[in-house]
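# Coordinates in review
Chain by chain, the residues run as shown.
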Amino acid sequence: MQPTRSIVIRRFLLACACGLAPIASWANDIAQFKVAKGSVYLERSGQRLSARVGTHLQAKDIVVTGADGSAGIAFVDNSLLSIGPNSVLAIERYAFNSTTHEGAFESSLRKGTLSVVSGKIAKQSPDAMKVKTPSSILGVRGTEFLVHFGD
Amino acid sequence: MHRHYAALIAALVLGGCATPSQDLVVLLPDKEGKVGTVVVQGQKGKTVLNTAYASARTTSEGGVQRGTATQSEVKDVFGSALAAQPPRPISFTLYFESGSDEFTEQSKQEVKRLLAEMARRQAPDITVIGHTDQVGPDPSNDALSLQRAERVKSILAGMGIPAERILTAGRGRREPLIPAADGVSEPRNRRVEISVR
C-alpha cells in the first residue's frame, strides 16, 4: 500500500511542478449536480456561479438553494448528498483515493435540510466522513440519514 | 405577524418541557432495510443513532437528546431534500475472453445494459474500476488493474461515451468477487466494474 501511495504522491508533485492540466480536472472531478430545481447556485472563491444538472463541484464550494430550490449531488466515491429549499451546504474537505478507498469528506450544513447516503469513503474508514452543523458534529459510519438546522 | 405569534406560542409551550432545538438528525433504513450508525456529538454530550428513525436534537445547553422521528415528521421536514436525491449508483461487471481484448459474449450484453442505464440518467458519469486476482503483490496488481480500466475506458469512449465523463480506478486485489487464498488465480476476480452515477 505504501509504495502505491508514494507513487501517487510523486505523480501529484510532478504534475504540480509542471503546472499541468490534470490538477484542474482532478479538482473538478469530486462531484456533479444530478438534480437542480428552482434557484441553486455555488459560491466559489467569493464568486457566485449558477448550478445546473451536470455542473462540477470542487472542494471548498458552498451550495446554496433559494426558497424554491433543491439540489442533488453525486460524489466520485458514490456518496449522495441532497438539500432542500433555503439551505447552505459547504463542502469543506474532500479527498478520495480510488485505489485504497481511503479519504476524508467533511461538509457543513449551515442551514436548511440535508439528506445523505454515504459512499465508499465512509465504508472504508468509519471516521473519515463528518457532517457538521453550527451546534453538532456527526460521525458517519453509514449509511442513510437526514440533518436539519435552522427554523 | 401570524407566524411570529405561532413561533412565540410554540416557544412558550416547548419551554415548559424541553429546550427548543435548532437541529435534528434522523437515521434512516437503507433500501434493503439495513440501518447504519451516526454518532451525534454536541458541545457537552453525544448520542449514537443505530436504529431506524432514531433521532437526535441538540439542546441549548449543548447536550444531545435522543428520540424517535415519525415518518410524517420526516416527510414534512425533509420531503424536498429526499425528493432531490440523485438516483442510486449502479454497477456493471465486464469480463474479457481469456488472453484477449474482446469482451465475453455475456459482457457484450452487459455493455448494452450499461449504455441504456446511462441514457436513462441526467448527466451520467462513470468510474471504470479494474480488479485483479490474488496472484502477485499489491503494487503490480494496482498497475495491472488500472491498465485494464484504462483499456475499457478507451473502448467505451470509442462507443461514444464522452471521455471526460469516464474516471478510471485500479483497485488491485483488494476487492475479490470470489474470496480466494493468496496466490490463487481466479478468473472471476479478473474483471472490470463500471459504476454509473
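Residues numbered from 1 in each chain as written. Chains lettered and ligands numbered in written order. Predicted model: local features only at pLDDT ≥ 70, side-chain atom pairs only at ≥ 80, totals over all residues.

## What about the overall build of chain A?
As a reminder, the rule being used: Runs of H or I in DSSP of at least four residues are treated as helices and runs of E of at least two as strands, each being numbered from the N terminus. Three exposure classes are used. Buried residues have 20 or more other C-beta atoms within 10 Å of their own C-beta, exposed residues have 12 or fewer, and partly exposed residues fall in between, all C-beta atoms being placed from the backbone. We call two residues in contact when the distance between their C-beta atoms, placed using the backbone, is within 7 Å.
Looking only at helices and strands, one finds three helices and 12 strands in chain A. Taken over 151 residues, chain A has a buried fraction of 47%. In chain A, of all internal contacts separated by at least 6 residues, the share reaching a separation of at least 24 is 49%.

## A word on the interface of chain B and chain A
Spelled out, the test is: Residue classes follow a fixed rule: Ala, Val, Leu, Ile, Met, Phe, Trp, Tyr, Cys and Pro count as nonpolar, while Asp, Glu, Lys and Arg count as charged, and any other residue, Gly among them, counts as polar. Paired strands are those between which DSSP finds at least two bridges.
On the chain A side, the residues contacting the 41 residues of chain B number 45 residues. At seven residues, helix α2 (residues 71-83) of chain B tops the list of elements feeding residues into the side of chain B that touches chain A. Across the side of chain B that touches chain A, the residue classes tally to 21 nonpolar, 13 polar and seven charged. Relative to strand β1 (residues 23-28) of chain B, strand β12 (residues 144-149) of chain A is paired through six bridges, and the arrangement is antiparallel. Looking at the pairing, A:Glu144 lines up with B:Leu28 of β1(B).

## Observations concerning the pairing of strand β5 (residues 62-65) of chain A
All names here are of chain A. Examined bridge by bridge, strand β2 (residues 40-44) and β5 share four bridges and lie antiparallel to one another. Counterpart to Glu43 in the pairing with β5 is Ile62. Relative to strand β8 (residues 88-96), β5 runs antiparallel, the two being bridged by three bridges. Looking across to β8, one finds that Val64 is bridged to Val88.

## Considerations on the nonpolar core
Convention followed: Each nonpolar core consists of buried Ala, Val, Leu, Ile, Met, Phe, Trp, Tyr and Cys residues. Their C-beta atoms, within 7 Å, join them into a set.
A:Ala71, A:Leu114, A:Phe145, A:Leu146, A:Val147, B:Val25 and B:Val38 are the most contacted members of the largest nonpolar core, which totals 56 residues. Among residues more than four places away in sequence, those in contact with B:Val25 are A:Leu138, A:Phe145, A:Leu146, A:Val147, B:Val38, B:Val40, B:Leu49, B:Ser55 and B:Ala56.

## Here we look at the sheet that holds strand β7 (residues 126-131) of chain B
Residue and element names in this part refer to chain B. Spelled out, the test is: The axes used here are C-alpha line fits, helices contributing only the stretch in contact, and every angle between their N-to-C directions lies in the interval 0 to 180 degrees.
Pairing is mixed across the open sheet formed by four strands, whose spatial order is β6-β9-β7-β8. At either margin of the open sheet sits one strand with a lone partner, and together these are β6 (90-94) and β8 (166-170). Each strand axis lies, on average, 20 degrees off the axis of its neighbour in the sheet, ignoring direction. Here helix α3 (residues 105-120) sits on the sheet in contact with β6 and β9 (191-196), set at roughly 155 degrees to β6. Along the sheet, helix α4 (residues 138-158) contacts β6, β7, β8 and β9; its crossing angle with β8, the most-contacted strand, is approximately 160 degrees.

## Observations regarding the pairing of strand β10 (residues 129-133) of chain A
Residue and element names in this part refer to chain A. The two faces of β10 differ: Met129, Val131 and Thr133 on one face are buried, but Lys130 and Lys132 on the other face are not. Across four bridges, the pairing between strand β9 (residues 103-117) and β10 is parallel. Bridge pairing in β10 places Ser107 opposite Val131.

## What to know about the domain arrangement of chain B
For clarity, the threshold we go by: Per the annotation, domain bounds derive from an automatic or database assignment of domains.
According to the domain assignment, chain B consists of domain 1 (20-83) and domain 2 (90-196). Look at where the C-alpha atoms of domain 1 of chain B and domain 2 of chain B centre, and you get two points 38 Å apart.

## Section: unusual backbone geometry
Residue and element names in this part refer to chain A. Look at Ser45: it is not a glycine, yet its phi comes out positive at around 50 degrees. The exposure class assigned to Ser45 is exposed, which follows from the 8 C-beta atoms found within 10 Å. Positive phi, close to 85 degrees, is recorded for Lys60, a residue that is not glycine. Residue position: Lys60 is located in the loop between β4 (56-57) and β5.

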